[in-house]
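Structural characterization, general
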Amino acid sequence: MSVTQFNRRATLLVSRPQQTGNNPSAFVPESTLDLSAFHFTFKTVQQDVESPNNCTIRVFNLAHTTVQAISKFEYSRVILQAGYDQAFGVIFDGTIKQFKVGRMNATTTYLDILAADGDLAYNYATVNKTLAAASAPQDRVNAAIAAMGGSGVTRGQIMPFTGGVLPRGKVLFGMARDVLRREAAQQGATWNINNGEVHIVPLTGYLPGEAVVLTASTGMIGLPEQTNDGVKVRCLLNPRISVGGLVKIDNRSINQIVQANPTAAPIP
C-alpha cells in the first residue's frame, strides 16, 4: 500500500495510572498530560532482540511546575506518536525510568525523559508454576507471559508452536524471560517486547500483515545497501514498520556486495 508522506506531525503524552487505596475516597483517576504543543525531539531504539526497547525524548521550555510534576514520577508512562497525515501511529509506548533537567542557554531549558518498554517484566517477572502432564510448548509460553502480566505486558503475535507434549508434569521456576528464551530457541525463533506486547517470530518468518513497500515515492532515503548482517535501508517516519514486520524492497535498487574471487590473477 502506497501512502503520501506529507504534513509530518507528532504527539507526546505522559500519563499517570489509576491509583486506589483501602478507602474508596482515595481513588485517583488516570491523568494524561499532553506535551504535543511543545518543541521536542526523540530517538528510539527497537530491535529484534530480547533487550527492552528504549526511547530518549527532550522537551523544551516547559513550565517549572510541569517539570516538577513529571520529574517526581507523578507520571510514569509515555506514549509517542509520529508520522504523516496518511501514516500516523504509535512509535513508542513505555515506562518512564529517568529524567534530566538542563539548560542550553540563558533562555532555553529542557527536560530529558528516558523510557523503556517492558523492562519491569523483563527484569523482575518470575514464574512459579507446575504444569500437569501432557503440557505443550505453548503452555510454557503462556505461563511466562501470564507472569509478565503483572508488569503490564500482554500477549502479542505468537507463532504456531511445534513439538510433542511432555509425558510428565513440568515445574517452571525462575525468570519468565528465561522460559521465553528457551522455548523460542527450541522453535528456531526469537522473542521481543514491543509496545507492551510479547511477540515470538520465527527466524525465517515475520509477523502477519501486509508488507510495507519502500521506494523513493513512499519515503525511502537514498539507496539500500547490502551488508554482512543484511540489508541496510533508511526511510522517513513510518509507524507501520515494526520489529519483526515485513518490508518489501526492489532488489534492483540494492547496492550489493561483490565477493572477490580468490583464484583470480592479481591486477598488474
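The following paragraphs examine the structure supplied in this document.

Calculation rules
- Residues numbered from 1 in each chain as written.
- Predicted model: local features only at pLDDT ≥ 70, side-chain atom pairs only at ≥ 80, totals over all residues.
- Heavy atoms only, no water.
- Pairing = 2+ DSSP bridges.
- Helix = DSSP H or I, 4+ residues; strand = E, 2+ residues; numbered from the N terminus.
- Axes fitted to C-alpha atoms, helices over the stretch in contact; angles between N-to-C directions.
- Contact = heavy atoms within 4.5 Å.
- Parallel < 35°, antiparallel > 145°, perpendicular 65-115°, else oblique.
- Left-handed = near helix turned anticlockwise from the far one by under 90°.
- Nonpolar A, V, L, I, M, F, W, Y, C, P; charged D, E, K, R; others polar.
- 1 Å grid on protein atoms, 1.4 Å probe; cavity = no way out; pocket = protein on both sides within 12 Å on 5 of 7 lines; lining within 4 Å.
- Points joined across faces, edges and corners; volume = space filled by probe spheres on them.
- Phe/Tyr/Trp six-rings, centres within 6.5 Å; stacked < 30°, edge-to-face > 60°.
- Lys NZ or Arg CZ within 6 Å of the ring centre and 35° of its normal.
- Buried < 20%, exposed > 50% of the residue type's maximum accessible area, 1.4 Å probe, protein only.

**Remarks on the sheet that holds strand S9 (residues 154–158)**
In spatial order, the strands read S9-S12-S11; together these 3 strands make up an open sheet with mixed pairing. At either end of the open sheet lies a strand with only one pairing partner, and these are S9 and strand S11 (189–194). Pairs of neighbouring strands in the sheet enclose a mean axial angle of 20°, with direction left out of account. Pairing of S11 with strand S12 (residues 197–202), which is carried by 6 bridges, proceeds in the antiparallel orientation. Within the sheet, the bridge partner assigned to Asn192 lies in S12 and is His199. Against the sheet, helix H3 (residues 137–148) touches S9, S11 and S12, its axis set at about 145° to S9. Across the sheet, helix H4 (residues 176–186) is in contact with S11 and S12; its angle to S11 comes to roughly 145°.

**Here we look at the packing of H3 against H4**
Between two packed helices, the angle of one axis relative to the other and the distance separating the axes together describe the packing. Between H3 and H4, the least distance of the axes is 9 Å, while the angle of their chain directions is 150°. The angle between the axes of H3 and H4 places the two elements in the roughly antiparallel class. For the pair H3 and H4, the crossing hand works out as left-handed. Counting all contacts with H3, which are made through Pro137, Arg140, Val141, Ala144, Ile145, Ala147 and Met148, the residues of H4 involved are Ala176, Arg177, Val179, Leu180 and Glu183. Per-class residue counts for the contact of H3 with H4 are 9 nonpolar, no polar and 3 charged.

**Focus: the layout of surface pockets**
Considered as a void within the structure, the largest pocket measures approximately 1200 Å³ in volume. Secondary-structure elements contributing two or more residues to the lining of the largest pocket are strand S3 (40–45), strand S6 (87–103), S11, S12, strand S15 (230–235) and strand S16 (247–249). For the lining of the largest pocket, a count of residues per class yields 20 nonpolar, 11 polar and 3 charged. Estimates place the volume of the second largest pocket at around 370 Å³. Mapped onto the lining of the second largest pocket, the elements with two or more residues apiece are strand S1 (9–16), S6 and helix H2 (119–124).

**Quick notes on the packing of aromatic side chains**
Applying the stated criterion across every chain yields a total of 1 aromatic pair. Of note, Arg9 hangs over the ring of Phe88, and the distance from its end group to the ring centre comes to 3.8 Å. Lying across the ring of Tyr122, Arg177 places its NZ or CZ 4.9 Å from the centre.

**Considerations on unusual backbone geometry**
Excluding glycine, a negative phi dihedral is what most residues carry, and trans is how most peptide bonds are arranged. Residue Asn61 is not a glycine yet carries a positive backbone phi of 55°. With respect to the helices, strands and loops of the structure, Asn61 is situated in the loop between strand S4 (53–60) and helix H1 (64–71). One non-glycine residue with positive phi stands out, namely Asn195, at about 55°. With respect to the helices, strands and loops of the structure, Asn195 is situated in the loop between S11 and S12. According to the relative accessible area criterion, Asn195 is partly exposed, its value standing at 28%.

So far we have only geometry, and geometry alone does not tell us how the molecule works.
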